[in-house]
Amino acid sequence: MSAAKFFEDYDRRQTQLLHEFFEFLRIPSISSEPEYRRDVLRCADWVENFLRDSGLAVERWEGEGYPVIFAERLLSPDYPTIMIYQHYDVQPVDPVSEWLSPPFEPTVRDGQVYCRGAQDNKGHCYASLAAVRALLQLQPDLPVNIKLLVEGEEESGSELLTRLLTQKQDKLRADAIAVPDVGVTSLKTPSITLGTRGMVSLTVHLHGSNTDLHSGMVGGIVYNPNRAIAEMLASLYNADGSVAVPGFYDSVENLSDEEVNRLSLEFDEERFKRVFEAEPTGGELAYPPLSRAWIRPTLEINGVGGGYTGSGFKTVIPAHAVAKISARLVPNQNPEAVALGIKNFLLSKTPPGIRAEIEIHPGHGEPLRTSANSSIAKIASQAISESCGGIPCGAILCGGSIPVISKLAKASGAETVFMGYGLDTDQIHAPNEHFGLDRLRLSFATIGRMIELFGK
Ligand code: BES
Ligand code: MN
């Protein structure tokens, strides 16, 4: 067979495939918002049923949090085993008013399907499920063992799966893990991805008084929590854009020249400015943009709140202020140590009269870098290249995180590769997320072909 066979299979069944994909998309499986609990569970059921109907042996791993659906087709202990990691949960949809069509009603405009999760990651997830089903039908005797691991908490820290890794270690054993949950720079420069950054996140609560106060009556007397949060957050950075937290960069591992040369680090600044109407002026200015996003660790302020920001005006000194911050980590930074360093630094910057409470969120992730020379990296590259009309497959890194992967790779003893056809214009985590139907088809063929090659 070849990638062409998978394209043909997709085209033959396209109506059914899109019907199923849209059904999957319509389930609002937002794992971080407790109001959606029943929908997330319904989505787990959907995945479980799909995999069972495909002829795999399915297990539902439960615990506090959302179920992990594990499915396998074991032919022989002598055959190589490939595991595909996926997640069925999605990000929240706010601000909902900015969506041009309802966030959970898949709507096709210009060949793109708009829906929360269309790309991240139900597009890649559905393509993985459907490709495995197609492969089992087209080549039932292919000498390969296949495992699918589909969790429901990737977007909120993968806590349950992380807890299950030791207990399920035997089930998770594999020779290779493929993680179709990332993207490419463009479809003209297809690539595998050789690493994701780790992540830790914190919430900073500041308290100044037991109630909001009149800013005329006590202004000049109390320390305004909004001023405190602004000063504390500003103290996190140096003028050159580097992070001022002591020790933040201590264990950062530098890439060898060989590793750097392998990566496609060219950054199209003009395109970036045009597409996002944004300037590449953030981060450590001593490094070029893509090094800042892929190779260096960063610290970002994801949300700030305090006082009155509604229409009109209100002269108030708020009782509280809050900030959400997160750090992206690279090898060999330790997530716990970095989080603690940030927390202690902010506590030391808290002005007199302000009480700070700093919460380190559970469910942080470790960074992972993987080898370009593993057999799965080579096989994935071949499948990608064949599916993309023969364009050679390059290698990039991903600034984002897939929290559990580093520990999963250790638990299963497998070589890992990240892949996928996300584009930076897909608006993942933002209003109007979308994925090209051509890229759904491409994902299906690539994943099917990759498993096929792995079995040869
Ligand atoms: N699919 C993304 C990872 C990703 C981000 C790939 C950007 C390519 C480009 C993944 O689902 C994700 O969003 N992860 C979160 C994890 C966090 C919420 C714990 C992230 O990176 O913010
Ligand atoms: Mn995501």
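In this text, all values refer to a predicted model and were calculated from it rather than measured experimentally.

Conventions we followed
Residues numbered from 1 in each chain as written. Chains lettered and ligands numbered in written order. Predicted model: local features only at pLDDT ≥ 70, side-chain atom pairs only at ≥ 80, totals over all residues. Heavy atoms only, no water. Near = heavy atom within 4 Å. Polar contact = N/O pair within 3.5 Å; in protein donor to acceptor, adjacent residues only side chain to side chain. Areas by Shrake-Rupley, 256 points an atom, 1.4 Å probe, with all protein chains shown as cover. Nonpolar A, V, L, I, M, F, W, Y, C, P; charged D, E, K, R; others polar. Pairing = 2+ DSSP bridges. Helix = DSSP H or I, 4+ residues; strand = E, 2+ residues; numbered from the N terminus. Axes fitted to C-alpha atoms, helices over the stretch in contact; angles between N-to-C directions. Buried < 20%, exposed > 50% of the residue type's maximum accessible area, 1.4 Å probe, protein only.

## Describing the site of ligand 1
- Around ligand 1 there are 15 residues in total, and Glu154, Asp181, Arg328, Ser401 and His429 lie nearest to it.
- Contact distances for ligand 1 include 2.8 Å between an oxygen atom and a side-chain N or O atom of Asp120.
- Here His429 contributes a side-chain N or O atom positioned 2.7 Å from an oxygen atom of ligand 1.
- Coverage of ligand 1 by the protein amounts to 83% of the 520 Å² it exposes when considered alone.
- In the shell around ligand 1, the residues fall into 5 nonpolar, 5 polar and 5 charged.

## A look at the sheet that holds strand β5 (residues 112-114)
- One open sheet accounts for 3 strands, arranged β4-β5-β18; its pairing is antiparallel. Edge positions in the sheet fall to β4 (107-109) and β18 (434-436), since each has one partner strand and no second. Across the sheet, the mean angle from the axis of one strand to that of its neighbour is 30 degrees, orientation sign disregarded.
- Across 3 bridges, β5 lies against β18 in antiparallel orientation. Within β18, the position partnered with Gln112 by the bridge is Gly436.

## Examining unusual backbone geometry
- Residues Asp94 and Pro95 are joined by a peptide bond in cis, for which omega reads 0 degrees.
- Along the chain, Pro95 falls in the loop between β3 (81-87) and β4.
- Across the junction of Asp120 and Asn121, the peptide omega takes the value -5 degrees, indicating a cis bond.
- Of note, Asn121 is situated in the loop between β5 and α4 (122-138).
- Backbone geometry at Glu277 places phi at a positive 50 degrees, although glycine is not the residue there.
- Mapped onto the secondary structure, Glu277 falls in the loop between α9 (269-276) and α10 (289-294).
- According to the relative accessible area criterion, Glu277 is exposed, its value standing at 75%.
- One non-glycine residue, Gln427, adopts positive backbone phi at about 60 degrees.
- As for its placement among the helices and strands, Gln427 is situated in the loop between β17 (415-419) and β18.
- Accessibility expressed as a relative area gives 36% for Gln427, which makes it partly exposed.

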